[in-house]
Amino acid sequence: MRSSPRVASPRRYLMCPPAHFKVTYSINPWMDPAKPVDLRLALTQWEDLRDRYLALGHTVELLDPDPDLPDMVYAANGATVVDGRVLGARFAHPERTAEAAAHLAWFRAHGYAEIREPEHVNEGEGDFAVTSSYLLAGRGFRSSPLSHSEAQEFFGRPVIGLDLVDPRYYHLDTALCVLDDAADEIVYYPGAFSPGSRAVLARLFPDALIASEEDAAEFGLNAVSDGRNVVLPQTATGLFGPLRERGFEPVPMDLGELLKGGGSVKCCTQELRP
């Protein structure tokens, strides 16, 4: 049990309303075009998430949706921002390629000066997770291993490559969440990673919270933490108790409609780190 109370730190997030969200193709195991999307419900769930961030004292910036890009609601994939520097995305699938330019245009319009258009495939915070010591980097289904050295050179932070082996967890942010970036504290599901990557995580994060297969399958690790409040899918109930035992406050949300596209809380939330 943690003796000192957790303290939330104000965050700034970039989100994109699901005004044109639909599932007409399948680029991950969660997407099934045969299952119709209730657009009104998706928008209501997204608005609930945005409003919850605002109620917690965070700032939410908005990216304009594009009618030709139904996956833009998953704003976490569009870039990675560390120390005010922006590494853009290069998407693995052509259906999402144009999202990268839309994100970079937003950053240029909002005064970001240090912006890099990547040479290698990376899908932003889908596969990059930031702690005070490391940039954790997923690979195996979307992002190229070559993007890891590119990110290390640009951000000047040590990159730890992690191999994803289960196609259900095709991005790092479906299998791992940073709970307290300042303290290098994470939660992850070991079954999503190769044996070597599990060993690396155990060595670097010996006190990490380990998620069950059941909670991982509910997208419970596709979560966002401000150092105290952990916003996560409401169905990942097995994580609530362990989080509270460590001094965190679970904030359950219903994003079931957006899960039809293979994303939940974190996928909808890009962090703008100053």
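Model, not experiment: these values are computed from the prediction. (Residues numbered from 1 in each chain as written. Predicted model: local features only at pLDDT ≥ 70, side-chain atom pairs only at ≥ 80, totals over all residues. Heavy atoms only, no water.)

A. Structural context of the overall build of the protein chain. Along its length, the protein chain carries 6 helices and 15 strands. Against the globule reference of 19 Å for 274 residues, the protein chain gives a C-alpha radius of gyration of 17 Å, in line with a compact fold. Counting only residues that meet the buried cut, the protein chain has 54% of its 274 residues in that class. Each charge class in the protein chain was averaged separately, 26 positive and 39 negative side chains, and the resulting centres sit 2 Å apart. (Helix = DSSP H or I, 4+ residues; strand = E, 2+ residues; numbered from the N terminus. Rg over C-alpha atoms; globule rule 2.2 N^0.38 Å. Buried < 20%, exposed > 50% of the residue type's maximum accessible area, 1.4 Å probe, protein only. Lys, Arg positive; Asp, Glu negative; His and termini not counted. Charge placed at Lys NZ, Arg CZ, Asp CG, Glu CD.)

B. Representation of the sheet that holds strand 10 (residues 185–188). With respect to topology, 3 strands assemble into an open sheet ordered 9-10-11, the strand pairing being mixed. Both outer strands of the open sheet, strand 9 (176–180) and strand 11 (209–210), are each paired with one neighbouring strand and no more. Bridge analysis of strand 10 against strand 11 gives 2 bridges, and the strand direction is parallel. Bridging from a neighbouring strand, Tyr188 pairs with Ile210 of strand 11. (Pairing = 2+ DSSP bridges.)

C. Looking closely at the packing of aromatic side chains. This structure, assessed with the given rule, holds 10 aromatic pairs. Consider the rings of Tyr188 and Phe193, whose centres lie 6.2 Å apart with planes at 80°: the pair is edge-to-face. When its relative accessible area of 5% is taken as the criterion, Tyr188 is described as buried. For the cation-ring pair, Arg85 lies above Phe154, with the distance from its terminal atom to the ring centre recorded as 4.3 Å. (Phe/Tyr/Trp six-rings, centres within 6.5 Å; stacked < 30°, edge-to-face > 60°. Lys NZ or Arg CZ within 6 Å of the ring centre and 35° of its normal.)

D. Region of the structure containing the environment of Val60. Following the sequence through the fold, Val60 ends up in strand 2 (residues 59–62). Judged by its relative accessible area of 17%, Val60 is buried. Residues in contact with Val60, not counting those within four places in the same chain, are Tyr13, Met15, Arg50, Tyr53 and Leu54. (Contact = heavy atoms within 4.5 Å.)

E. Focus on the layout of surface pockets. Each pocket or cavity is described by its volume, and for the largest pocket that value is around 240 Å³. Forming the walls of the largest pocket are 15 residues, and the residues nearest its centre are Arg11, Asp181, Glu271, Arg273 and Pro274. Each residue belonging to the lining of the largest pocket can be placed in one class, and the counts come to 6 nonpolar, 2 polar and 7 charged. (1 Å grid on protein atoms, 1.4 Å probe; cavity = no way out; pocket = protein on both sides within 12 Å on 5 of 7 lines; lining within 4 Å. Points joined across faces, edges and corners; volume = space filled by probe spheres on them. Nonpolar A, V, L, I, M, F, W, Y, C, P; charged D, E, K, R; others polar.)

F. Representation of empty space enclosed by the protein. One pass over the structure, following the stated rule, counts 5 cavities of 30 Å³ or more. When its volume is computed, the largest cavity comes out at roughly 250 Å³. Lining the largest cavity are 21 residues, and of these Val178, Ala223, Lys266, Glu271 and Arg273 lie nearest its centre. At the level of secondary structure, the elements contributing two or more residues to the lining of the largest cavity comprise strand 6 (128–130), strand 9 and strand 12 (224–225).

G. Structural detail: the state of the cysteines. Under the defined criterion, the tally for this structure stands at 0 disulfides. Distance from the sulfur of Cys16, which forms no disulfide, to the nearest cysteine sulfur (Cys268) is 9.4 Å. Its relative accessible area of 0% is what places Cys16 among the buried residues. For Cys268, a relative accessible area of 0% puts it in the buried group. (Disulfide = S-S within 2.5 Å.)

Don't take any of this as a statement about function, it's just geometry.
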